[in-house]
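Understanding the architecture of this molecule
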Amino acid sequence: MTETFTGSFTQQEPIPDEAIEAAMAVLRHGRLHRYNVVPGELGETALLEQEFAAQMGAKYCLAVSSGGYALATALRAVGVQPGDPVLTNAFTLAPVPGSIASVGAKPVFVGVTENLTIDLDDLEAKLDQARVLMLSHMRGHLCDMDRLMQMCDAAGVAVIEDCAHTMGAAWRGQLSGRQGAIGCYSCQTYKHVNSGEGGLLITDDEVLAAKATMLSGSYMLYERHLAAPGPEVFEKIKYTTPNVSGRMDNLRAAILRPQLRDLDRQVQRWNERYDEIASVLRDTPGLTIVERPEPETYVGSSIQFLLLDWSPERIAEVIRRCAARGVEIKWFGGAEPTGFTSRYDSWRYAESTPLPASDRILAGVMDMRVPLTFSLDDCRVIARIIRAEVGAVYQS
Ligand SMILES: *Cc1c(COP(=O)(O)O)cnc(C)c1O
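Residues numbered from 1 in each chain as written. Predicted model: local features only at pLDDT ≥ 70, side-chain atom pairs only at ≥ 80, totals over all residues. Heavy atoms only, no water.

The name given to the protein chain in an unreviewed UniProt entry is UDP-2-acetamido-2-deoxy-3-oxo-D-glucuronate aminotransferase, with the source organism recorded as Ruegeria denitrificans.

Taken in spatial order, the 7 strands make up an open sheet running β1-β9-β8-β5-β4-β2-β3, and their pairing is mixed. Two strands bound the open sheet, and with one partner strand each, they are β1 (60-64) and β3 (106-110). Averaged over all pairs of adjacent strands, the angle between strand axes in this sheet comes to 20 degrees, irrespective of strand direction. In this fold helix α3 (residues 67-77) packs onto β1, β2 (85-89), β4 (132-136), β5 (158-162), β8 (182-186) and β9 (199-203), with an angle of close to 160 degrees to the strand it touches most, β8. (Pairing = 2+ DSSP bridges. Helix = DSSP H or I, 4+ residues; strand = E, 2+ residues; numbered from the N terminus. Axes fitted to C-alpha atoms, helices over the stretch in contact; angles between N-to-C directions. Contact = heavy atoms within 4.5 Å.)

Reading across the sheet, the 4 strands line up as β10-β12-β14-β13 and stay open at both edges, with antiparallel pairing between neighbours. Sheet topology places β10 (288-289) and β13 (330-331) at the edges, where each strand pairs with a single neighbour. Two elements, β10 and strand β12 (residues 302-306), share 2 bridges in a ladder whose sense is antiparallel. In the strand pairing of β12, Ile289 is matched with Phe305.

Here the largest pocket is characterised by a volume of approximately 430 Å³. Lining the largest pocket are 29 residues, with Leu93, Ala164, His165, Gln188 and Lys191 sitting closest to its centre. Taken together, the elements giving at least two residues each to the lining of the largest pocket come down to α3 and α4 (95-102). Looking at which element gives the most residues to the lining of the largest pocket, the answer is α3, with 3 residues. Residues belonging to the lining of the largest pocket are distributed by class as follows: 11 nonpolar, 13 polar and 5 charged. Put simply, the second largest pocket is a space of about 340 Å³. Glu13, Pro14, Pro16, Gln259 and Gln266 are the residues nearest the centre of the second largest pocket, which is lined by 20 residues in total. For the lining of the second largest pocket, the elements supplying multiple residues, two or more each, are α9 (250-261) and α10 (263-281). Ranked by residues supplied to the lining of the second largest pocket, first place goes to α10 with 4 residues. Residue composition of the lining of the second largest pocket, grouped by class: 7 nonpolar, 6 polar and 7 charged. (1 Å grid on protein atoms, 1.4 Å probe; cavity = no way out; pocket = protein on both sides within 12 Å on 5 of 7 lines; lining within 4 Å. Points joined across faces, edges and corners; volume = space filled by probe spheres on them. Nonpolar A, V, L, I, M, F, W, Y, C, P; charged D, E, K, R; others polar.)

Let us now look at the domain arrangement of the protein chain. Segmentation of the protein chain into domains returns domain 1 (17-261) and domain 2 (263-395). Each partner contributes to the interface: domain 1 provides 37 residues, whereas domain 2 provides 34 residues. The junction of domain 1 with domain 2 conceals about 3,000 Å² of combined surface from both sides, 64% of it contributed by carbon and sulfur atoms. Where domain 1 packs against domain 2, one counts 2 salt bridges. Residue Arg139 is joined to Asp367 by a salt bridge in which the shortest nitrogen-to-oxygen separation is 2.8 Å. Counting the contacts that link domain 1 with domain 2 gives 12 residue pairs in polar contact (both at pLDDT 80 or more). Every element with two or more residues in the side of domain 1 that touches domain 2 is listed here: α4, β3, α5 (120-126), β6 (170-171) and α9. Residue composition of the side of domain 1 that touches domain 2, grouped by class: 19 nonpolar, 11 polar and 7 charged. (Domains from an automatic or database assignment. Buried area = accessible area lost by both parts, 1.4 Å probe. Salt bridge = Lys/Arg side-chain N within 4 Å of Asp/Glu carboxyl O. Polar contact = N/O pair within 3.5 Å; in protein donor to acceptor, adjacent residues only side chain to side chain.)

Here it is as C-alpha cells:
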C-alpha cells in the first residue's frame, strides 16, 4: 500500500490558553490602542517591548504592525532616501524588496550559495554600491555572520537584519538580530510566534530607536514606552521625523507575550521535527540536503533541499507526485510567482542584473513548511514520501 499524508501544511497550533485569557482581558476593558492606558497602567504593547528587549539582550525594542513594516521603518531610521541603492538577498520573500521599494529606494540583489545563504563573495564585490544592506536570513539559514559583519563594518555599510525566519536562532551563541544595527521580526501566523499580523524591531542604538518609535506613530507619547530611549534622545529627532503609523495594538501584544515566553521550547520542538525529516532525506540519490554550519543554532520551522541541475519538467513531476500523496512542496525556481514564492526577476518594479550561479541554485530549491501540529511520526511519513518520489523520478 502506498503511504499518503493527510495533515495540513498551513495549520499552526492553537493560541495558548494563557494568551487567550490575556486577549480577553484587553477586549473586556476595551483599551486596545497602545497609548490608551489608565494612570499607572502598563499597557500590553509596552510590556511586550520590554520583555522582548530583555529576551534578546537588546537595549531597545519597538512593536509594530508587521514584519514588512519593521523592515521599512528600519530603512527610514538609518536614513535611506528615495533613489538610494540598498543591497539585499536575491533569494528571499517579496516583502523584503517590497520594503526597499516602499521607501522609494532600489534593491541591489546579491546572489545565493548552495547553503541558501547570501553569497559573501558577491556581496564583497558589491559593497561599494550602497551604504545599507538589508540582510534576509531567508528560511532560517545564517551565513558566516563573522565574515559578513567584518566586511560591512570595514566598508561602513549598515546592516539591517530580516529575522522573519530566525527568531530564536543564533550564530556562535549570539541571537539572530543582534549582529546588525537593527533586527526585525515578523509575528504573523506563519512565523515563530502568531498574532495574525505583527512585527518587532530591536536595536542598541538610541537614535535609531527614537526615530523608529516616532516613525511608528508615537505622536508625542513616547514616554509611555518601556524599552525606548529617554526623552532627551527624542528631543533631537522629534521635529524632523515623520509619523508613518504602523503601531502594534494591545490585543496582539497580549497574544504574543505568553508565546514569547515559550519560544525556546517551541524551537526545540521544531528542531526535533526538522532533524527527523533531514535524517530520512539525507543520502537520497539526486537530492542535496542543506547541511547546517557548526556555529549556527537554527530553528527548523521549514526545511529546504536542492534538486540541483534537474530539469524543470522533472522537478514539476516530483512536486506533482508528492502533492498526490499529500505532501506540499514549494518551488522557488518556478518561472511564474505562485503563492508565497517568487524569484528576484519576478519583482519587475526593481531592476536586476542576471545572477547565473544563483539561478542554477534557485531552479532547484525545494521548500517545505514544518508546522508544530505535525507529530514526529507525521514527519517520518512525509520524509519517506519525498524520498520515494524523488527516487522514482531520479531513476526514470
Ligand atoms: C514574512 C516575512 C517578512 C515580513 O513579514 P510580514 O509580517 O508578513 O510583513 C519578511 N521577510 C521574510 C523572509 C518573510 O518570510
